[in-house]
Amino acid sequence: MAEKPMCMPIQIPHDEDMQKGDSVRCLTMLGHFGFECLPHQLVNRSIQQGFSFNILCVGETGIGKSTLIDTLFNTNLKDKKSSHFYSNVGLKIQTYELQENNVQLKLTVVRTVGYGDQINKEASYQPIVDYVDAQFEAYLQEELKIKRSFTDYHDSRIHVCLYFISPTGHSLKSLDLLTMKNIDSKVNIVPLIAKADTISKYDLQKFKCKIMTELVSNGIQIYQFPTDDEPTAQANSSMNGQLPFAVVGSMDEVKVGKRMVRGRQYPWGVLQVENENHCDFIKLRDMLLCINMEDLKEQTHIQHYEWYRCCKLKKMGFTDVGPDNKPLSYRKSLIILKESNKRRQ
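Here the structure is a predicted model, which means the values were calculated and not measured. (Residues numbered from 1 in each chain as written. Predicted model: local features only at pLDDT ≥ 70, side-chain atom pairs only at ≥ 80, totals over all residues. Heavy atoms only, no water.)

Asks: Help me out: how do you make sense of the pattern of salt bridges in this one?
Replies: As a working rule, side chains carrying opposite charge can pair if their charged atoms are close by. This model, assessed by the stated rule, comprises 11 salt bridges. Across the pair Arg309 and Glu143 runs a salt bridge whose closest N-O atoms are separated by 3.7 Å. Residue Arg309 is located in helix α9 (residues 293-316), and its partner Glu143 is located in helix α4 (residues 126-143); the two are separated by 166 residues in the primary sequence. Overall, the relative accessible area of 30% leaves Arg309 in the partly exposed class. Each of Glu143, Glu306 and Arg309 takes part in a single network of salt bridges with overlapping partners. (Salt bridge = Lys/Arg side-chain N within 4 Å of Asp/Glu carboxyl O. Helix = DSSP H or I, 4+ residues; strand = E, 2+ residues; numbered from the N terminus. Buried < 20%, exposed > 50% of the residue type's maximum accessible area, 1.4 Å probe, protein only.)

Right, here's the structure in full:
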């Protein structure tokens, strides 16, 4: 019989031996694995699928909601002018297919109609709340299906609410405070001072400070640009201190010197929309579209939608723990729910 080869034990060096200066043989990677291409794969797949972004514009009639959206995306979305004669607040929903450098964006813009035009403004915010909740409910129902199809599903949840504040120069209206208080837990609010060219620079700064003081004192949570990502932390931190943005929208081209710029012609001169010394339009566009669009979508899902989902399932009777405070499976939770419904009947 052939003798079995003896297996020599491999001696693994201990930490003490390594500290004494014993040489440890390190293995080096001789080949290329390729997982560094994962980001490129994600980018390519995302470009093929396209992106979606949903904006809610809340503000009084004629305050410049449609004009600002046109200016943001540098396109004419052909929205009809709204009337002031509406008995109730309504919503106008429009979806557009935009493309920039082979990147496709499905943009959904939801605008308020007749907001602030009624004598009794108590329930003016309710259609907005109902719409935001309805989009959460539609997504939850898709999640609860046995056969889900999120690849074909159009996510209509609102990613950001641009709240247009009238340029009074004094303080927020009661309607502004009431509406923002009722939607701040459901959507990312970015407050804007509309038609900011009607206020002087000195009064504008005072107005900004007054607005932020009133928001804090009334416990209203607005969207804060994230400062935990190193590349954008400094810019976002600076922009958080400049909220609300004072914006002016215009698609008209005006000649300034030898060049054409988007702006508004006045007897005293030209207001340039894309001049940071004139208004905060560039800051809004960069913060909203260039830097934080993905974070807005993420916050919508992990914060606002999760809160709605949690409240909804608890209201339906679902729970994560049983009577003994131990984790409960979905099947057992259904059994307990059915038993409790029988007892009620």
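From this point, things continue past the structure.
Asks: What am I meant to see in the packing of helix α7 (residues 230-240) against helix α8 (residues 281-291) here?
Replies: Packed helices, taken two at a time, are described by the angle between their axes plus the distance between the axes. It is at 11 Å that the axes of α7 and α8 come closest, and there the two elements cross at 135°. With respect to α8, the axis of α7 lies oblique. The element α7 and its partner α8 pack so that their crossing is left-handed. Counted together, Thr232, Ala235, Asn236 and Met239 of α7 and Lys283, Met287 and Ile291 of α8 form the full contact between these two elements. Looking at the contact of α7 with α8 residue by residue, the classes come out as four nonpolar, two polar and one charged. (Axes fitted to C-alpha atoms, helices over the stretch in contact; angles between N-to-C directions. Parallel < 35°, antiparallel > 145°, perpendicular 65-115°, else oblique. Left-handed = near helix turned anticlockwise from the far one by under 90°. Contact = heavy atoms within 4.5 Å. Nonpolar A, V, L, I, M, F, W, Y, C, P; charged D, E, K, R; others polar.)

Asks: Teacher, can you tell me more about the sheet that holds strand β2 (residues 90-100) here?
Replies: As summarised here, the arrangement of the six strands in space is β2-β3-β1-β4-β5-β6, forming an open sheet in which the pairing is mixed. The open sheet has two edge strands, β2 and β6 (245-246), and neither has a second partner. Both strand β1 (residues 51-58) and strand β3 (residues 103-113) contribute to a ladder of seven bridges, which runs parallel. Bridged to Phe53 within β3 is Leu107. (Pairing = 2+ DSSP bridges.)

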